[in-house]
Structure formats: structure tokens, C-alpha cells
Amino acid sequence: MKLNRFLNVLGLALLLVSFSLASVLYYFVYLPAIGSEVRSQQEKELLAVQMGIKFAQRNLDVLCYDYAVWDEMVDFVKYRDSDFSLSSMNNNAFEAAHIDGAYLFDIDGKLLWHYSNDEQLLPQTLPQNNKDWIGLVLPDRASIEKQAPTTRSGLISLGGTVVYFSNTSVLPSDEQGEVVGSLLMVRAINNTLSQEIHQLSLVDFSLEKLDPNNKYDGLETFNSVPRIESLSAQHMWLINDVFETPALKISVTHDKKLTPSLFTPESAVIFLTLILVSLGTIIPVSIMILKPIRTTNRVLVRMAESGKLIKIKTGWRIDELAKLSVSFNQMVEKLERHQNYLESLSYKDSLTGVANRRSLEVFAQRAYEQWREGKGLIGFLMIDIDNFKDYNDTQGHLAGDKAILTIAQTLLLECRRRGELLTRYGGEEFCVVIHGDNIAQMELLAKRMLKQVWDLNMYHPKGSHGKRVSVSIGGCLYERFHPSFSDITWEMMIGQADKQLYEAKTSGRNQIKLGYTKNEKLKLIE
């Protein structure tokens, strides 16, 4: 037998052995392992979607609770003050918070006030004739008699639109006292909400409205932790509303597809490569395998040295390597999105959820630059909780943290206008950046903040005024830019506001000291 024929026979034998070994490993090792991995990954994706939906619902619950458990809301239910509805419950505030409908009821379920941005969400679309309306959506008598905050949430259909809803009993800000009604807020489930959930979960999914009169056998509900019985590129579940009526069908499309079959173009490339290896053809192997590996290795080394995410080339001849590079680039994109998300978190204070010092620097610099361009007025308010060290010493640090959180949320509700940003400056101190066009509004904002904190009626055993928690406010307000202000920086403005805060502290606390600067010397405004 000639050498070339022997090599051919040997190569064929090696190919058969490789084929048999590859088949055994593929069917008995690879397929079970990859199947378990894909199933685990798909279940994680389903759980991520479910957590994203719950997170979106939680935002609505928090906003509804903040509006309902509020002294002024109690007064509005009792006296129907139109000024309150215009100032604190205007359409712009709800639109900014992505609230599509809000409905205020008394304890008997009678509608007192409503807001809606769509005809399908008008009060007559509310399913008040449903026997479970009182109890599942509005509080029943037992919940009202508890004289404590109670919340209900879920899905309901309003005029053909499926919405998230949150309902909270209306009672005073200290969460104690007579329940005078309940506040219902809804948000339509539409493409905007789906996109928000997608950005949180990073999973592709779609929501389809269902006919409540039909039956949907074979679809499990999405309320419990989803389990995958068989692998599929897409899984579907049923979502019921609070009345256990079919409302939505959710379809989740997974990143990882079905487990591959043995007889595919990819597997043919693998076995063709084995033939070339068995015949001793080293050059094609080097071109098709070693070059991509070397390229990928160089990219990984550059990533390790620079600390930056870098994509790799995808146009390789071997499909597996091309798909590997595509998957690698997809992972890089996901990591970049996660990096951006984590960076966004770095702009928020971890305790209160309001903007932090980093956000202050960015927003103040932008407002300052626009002010120097002649656009509007600029001002800074420094807010400090009075006698906070004594509060911590007597009530404990946990109570102190809760007090800071409560005051931060109270102040945040007042900073709803464009150009206003509340930031936590440090400890018990807050800073408000104001870029507007009306100096009277700036002064009024400071007065509202002082009053709202006082109206919280938080007990302070060593408070300066009536054993209640209070704040002192100092601020500087600058008229439109004038060349005489050229040497003034926003940091200097904060320093001026801090001096006014010191004046407010030394003058007895629980008061406001503002410095108003025009093209003349600073004047104090009591």
C-alpha cells in the first residue's frame, strides 16, 4: 500500500473514530448539559421579566401612597378645596409621573374627583358594578375601620384598556387617624410601559390584550414563579386581572434558542474540519481557527490592560467562531448597558433616593452656563434639619435615617417644576438648585418647603419650636446675568446660600434667610 493511500485510509479511519466519538459525546454529554443550561437561562429571563413588572407596579404603589397618606389630601376630601387640586393635583404632575388616571373616592365608594388623559379611562369605564369592586380595588369596611394605611394593586380593564392600578386609603401623614376615603391611580399597559420593563429586564417580550369572555386552556398564569417544562424559543403565559378574568397574554422570546440538532450546517463544518485535520492539512486549520483565537486573545488582552469594553471582528469563515464573536459582542453590549445603569444609580443618594452631590455638580453647572447665556434666573437653597444631632442622640440613628428620608420625600414633592432639582448635600443638609424666570416662585418654594416640613409634625424632644422637627433655609437668588457677575461661580453662590443658612440658624431656626442679588449689593429678604 502506497503511503498516500495509507494516509487516506488512516485519515478516513480517524474521521470515523472522530465521528463516532463526537456523536457519543454530543448525545450523552453535550446535549444534556446544554439543555439544562438553556432551561436555567430561560427561567432566569422569565424571572427577570416578572421582577421588571413588579418594579413598575411598585413605582405606582409608592406614588399613590405618597399622595394618599397626606394631611392636605385628607382636607381636600373633607372640604373640596379647588386651589389644592390646581396646585398639587394638576395634570402636568400626573403626566410627568406617567399616571394615566387618578380617582378619589370617599369611604362609601363615591367618586369625588378624577383625572384622566384618555376617554377610555373616564370614570364611567370603572367596573364599579363588579361585586368584588369593594374589597379588591377599593377598601372594604374592615380595612377602613383599621384606621391605618391599606393598599390594593393589580390589573383591571377600563373601557377596553388594561391598566395597572394602585389604591391606598386616605388618612393623615402620620399614618394614624380617621380614614376618609381612598385614592386610585392607574397606568395603561402600552408600548411605553413595555419598553420600560424591557430596559429593566433586558429580555424581549410582548403583551397582548385578551378577550375576557374567551377561555384560554393550556396557558398557565404568570403570577407564580414560572417553570419551563420544555425548551422553546418562545414561551407564553396568561395574566389575570384582580377579578381572575383573563387580561393579557405575555410572550417571552429568549436569547438562547432550541438545542441544536446534530445534522446542521454547523456540525457539517465541524466534521469537515476533522477530515482536514486527519489528512494533515494544517494551513486551513491555522487560518480558520488559530487566527480568530489569536484575534480574540489580543482583544481580551487590550480589554484587561485598558479596562474598557471592546468588540471583536465577526466575519470569520467558521460559523461557530463567527457566532461566538457575535455572542461576545452581545455580551459587551449588555455589559455596557449595565454599566450605564449602574452609573445612573451613582447619581442618586442611596438613603433617600433623591439626587446626590454628583448630580448637583452636573445640574448646577448646566444651569449656571445657561444663566450666563442670559437664560433665566438662578438660585440655590441650603436646607438643614434643626437640632438633628440631638434628634439622633435621643431617638436613635434608625429614626434619624427615617426622618431624613421622610423630609427628603416631602421636599421632593415641592420640587416638581422644570429647572428645580433637590439634592442631598450631606448628612442632614439638602441643596436645591433653581433655574427659572420668576424670583417670586423661588421665594414661594422656600416658604412651602419650610411649611411642609413643619406640617409633618414629627416629634423632636429637643426641638427649638414646640418639640417638632423643623428646618432652616438659607438661599441666594440672582437676577438675570450681568457683566458685573462675571467673577461669580455657582460654587460661590452655594457658599453665599450657606452663609444665609447660618444666619437663619443663629436667628432662632425654623426660618428663611434669602439673599437677592441684582446689579447692586446683596439685600436680605426676611
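Residues numbered from 1 in each chain as written. Predicted model: local features only at pLDDT ≥ 70, side-chain atom pairs only at ≥ 80, totals over all residues. Heavy atoms only, no water.

1. Here we look at the overall build of the protein chain
We count it as follows: The secondary structure listing takes helices from DSSP runs of H or I that are at least 4 residues long and strands from runs of E that are at least 2 residues long, numbered from the N terminus. Categorising residues by exposure relies on relative accessible area from a 1.4 Å probe, with only protein chains included: less than 20% of the type maximum marks a residue as buried, more than 50% marks it as exposed, and the intermediate range marks it as partly exposed. Here, two residues are considered to be in contact whenever any of their heavy atoms come within 4.5 Å of each other. The protein chains shown are the only cover counted for residues, whose accessible areas, like all others here, come from Shrake-Rupley with a 1.4 Å probe.
When helices and strands are tallied, the protein chain shows 15 helices and 14 strands. Across the 526 residues that make up the protein chain, the buried fraction comes to 42%. Restricting to contacts in the protein chain with at least 6 residues of sequence separation, those with at least 24 account for 64%. With an accessible surface of roughly 28400 Å², the protein chain has 54% of that area assigned to carbon and sulfur atoms.

2. As for the sheet that holds strand β6 (residues 204–209)
Worth spelling out the cut-off: One bridge is not enough; two strands pair if DSSP finds at least two bridges between them. Lines fitted to C-alpha atoms define the axes here, with helix axes fitted over just the stretch in contact, and angles between the N-to-C directions of these axes take values from 0 to 180 degrees.
Spatially, three strands are ordered β6-β8-β7 in an open sheet, and the strand pairing comes out antiparallel. Where the open sheet ends on each side, the last strands, each with one partner, are β6 and β7 (234–240). Taking the axes of each pair of neighbouring strands and ignoring which way they run, one obtains an average angle of 20° across the sheet. In the sheet, β7 pairs with strand β8 (residues 246–253) via seven bridges, with the strands oriented antiparallel. For Asn240, the partnering residue across the bridge sits in β8 and is Pro246.

3. Quick look at the nonpolar core
Short version of the rule: Nonpolar cores are built from buried Ala, Val, Leu, Ile, Met, Phe, Trp, Tyr and Cys residues. Side-chain atoms within 4.5 Å join them into one set.
With 43 residues, the main nonpolar core has Met73, Val170, Leu183, Met185 and Ile250 as its most contacted residues. With eight residues, the single largest contributor to this core is helix α1 (residues 3–68). Excluding its chain neighbours within four sequence positions, the residues that come into contact with Leu183 are Cys64, Tyr67, Ala68, Met73, Tyr103, Leu104, Ser166, Asn167, Thr168 and Val170. Judged by nonpolar contacts, the second largest core, of 33 residues, contains Leu381, Tyr391, Met442 and Tyr516.

4. Some words on the environment of Leu421
If you trace the backbone, Leu421 turns up in strand β10 (residues 420–426). Along the chain, Leu421 and Ser359 lie 62 residues apart, while their C-alpha atoms are 9.0 Å from each other. For Leu421, the contacting residues outside a window of four places in its chain are Ala355, Ser359, Phe363, Cys431, Val432 and Val433.

5. Concerning the pairing of strand β9 (residues 377–385)
In terms of burial, β9 is a largely internal element, nine of the nine residues being buried. The alternating pattern of β9 places Leu377, Gly379, Leu381, Ile383 and Ile385 and Ile378, Phe380, Met382 and Asp384 on opposite faces, both of which are buried. Note: β9 against strand β11 (residues 429–436), eight bridges, orientation antiparallel. From the neighbouring strand, Leu377 faces β11, where its bridge partner is Gly436.

6. A few points about the packing of aromatic side chains
Aromatic ring pairs are described here by two measures, namely the spacing of the ring centres and the angle between the planes. Put simply, the test is: Two aromatic rings from Phe, Tyr or Trp, using only the six-membered ring of Trp, form a pair when their centres are within 6.5 Å; if the ring planes differ by under 30 degrees the pair is stacked, by over 60 it is edge-to-face, and anything between is tilted.
Throughout the structure, instances matching the rule amount to 13 aromatic pairs. Summarising the aromatic geometry, the rings of Phe94 and Trp113 are spaced 6.0 Å apart at their centres and angled 35° between planes, so their arrangement reads as tilted. With Phe94 in helix α4 (residues 91–96) and Trp113 in strand β2 (residues 111–116), the pair connects residues that are 19 residues apart, well separated along the chain. With respect to class, Phe94 is no different from Trp113; both count as buried. A centroid spacing of 5.8 Å and a plane angle of 40° characterise the contact between Tyr368 and Trp371, whose relative ring orientation is tilted. Placement of the pair is Tyr368 and Trp371 together in helix α11 (residues 357–372), with a separation of three residues, close to one helical turn. For the pair shown, Tyr368 and Trp371 are each scored as buried.

7. So, empty space enclosed by the protein
Condition: In the cavity and pocket records, a cavity denotes points on a 1 Å grid over the protein atoms alone where a 1.4 Å probe fits but cannot get out, a pocket denotes an open set with protein on both sides within 12 Å along at least 5 of 7 lines, and lining residues are residues with an atom within 4 Å of a point. Grid points are joined across faces, edges and corners, and a volume is the space filled by probe spheres set on the points. Residue classes follow a fixed rule: Ala, Val, Leu, Ile, Met, Phe, Trp, Tyr, Cys and Pro count as nonpolar, while Asp, Glu, Lys and Arg count as charged, and any other residue, Gly among them, counts as polar.
All chains considered together, the criterion is met by one cavity of 30 Å³ or more. Its volume calculated, the largest cavity comes out at about 30 Å³. Lining the largest cavity are Ile385, Asp386, Asn387, Phe388, Tyr391, Ala403, Ile407, His460 and Val469. Classifying every residue of the lining of the largest cavity gives six nonpolar, two polar and one charged.

8. Considering a positive patch on the surface
Threshold: Think of a patch as exposed residues, more than 30% relative accessible area, with no salt bridge, where like charges cluster within 9 Å and nonpolar side chains (Val, Leu, Ile, Met, Phe, Trp, Tyr) cluster within 5 Å. The salt bridge criterion pairs a side-chain nitrogen of Lys or Arg with a carboxyl oxygen of Asp or Glu, the two atoms within 4 Å. All tallies of charge rest on Lys and Arg as positive and Asp and Glu as negative; His and the ends of each chain are not included. Here the site of a charge means atom NZ of a Lys, CZ of an Arg, CG of an Asp or CD of a Glu.
There is a patch of like positive charges on the surface, built from Lys291, Arg294, Arg298, Lys313 and Arg317. For Arg298, the location among the structural elements is in helix α9 (residues 282–306).

9. Things to note about the packing of helix α13 (residues 397–414) against helix α14 (residues 439–455)
The condition that has to hold: For any helix crossing, the convention is left-handed if the near helix is rotated counterclockwise from the far helix by under a right angle, and right-handed if that rotation is clockwise.
Between α13 and α14, the least distance of the axes is 10 Å, while the angle of their chain directions is 145°. Relative to α14, the crossing made by α13 is right-handed. Every residue of α14 that contacts α13 at Ile407, Thr410, Leu411 and Glu414 is listed here: Leu445, Arg448, Met449, Gln452 and Val453. Tallied by class, residues from the contact of α13 with α14 come to five nonpolar, two polar and two charged.

10. Examining the sheet that holds strand β5 (residues 181–188)
On the basis of which strands lie adjacent, the open sheet formed by five strands has the order β2-β1-β5-β4-β3 and antiparallel pairing. Edge strands, defined here as strands with exactly one partner in the open sheet, are β2 and β3 (151–158). Adjacent strand axes in the sheet meet at a mean angle of 20° when their direction is disregarded. Here strand β1 (residues 101–106) pairs with β5 via six bridges, running antiparallel. Bridge pairing in β5 links Tyr103 to Leu184.

11. Some points on unusual backbone geometry
With phi around 55°, Arg80 is a residue other than glycine that occupies positive phi space. Topologically, Arg80 is positioned in the loop between α2 (71–79) and α3 (82–88). Judged by its relative accessible area of 43%, Arg80 falls in the partly exposed class. Of note in this structure, Gln147 is not a glycine but carries a positive phi near 55°.

12. Some remarks on α13
To keep things clear, this is the line we draw: A helix is expected to span 1.5 Å for every residue after the first. Along the arc lie the directions from the helix axis toward the C-beta atoms.
When the terminal C-alpha atoms of α13 are compared, their 26 Å separation across 18 residues agrees well with the 26 Å that a helix rising 1.5 Å per residue should span. Turning to α13, its buried residues are Gly400, Ala403, Ile404, Ile407, Ala408, Thr410, Leu411 and Glu414. Within α13, the buried residues cover an arc of 165° as seen down the axis, which keeps them to one side. Residues of α13 that are exposed and angled more than 90 degrees away from the buried face: Leu398 and Lys402.

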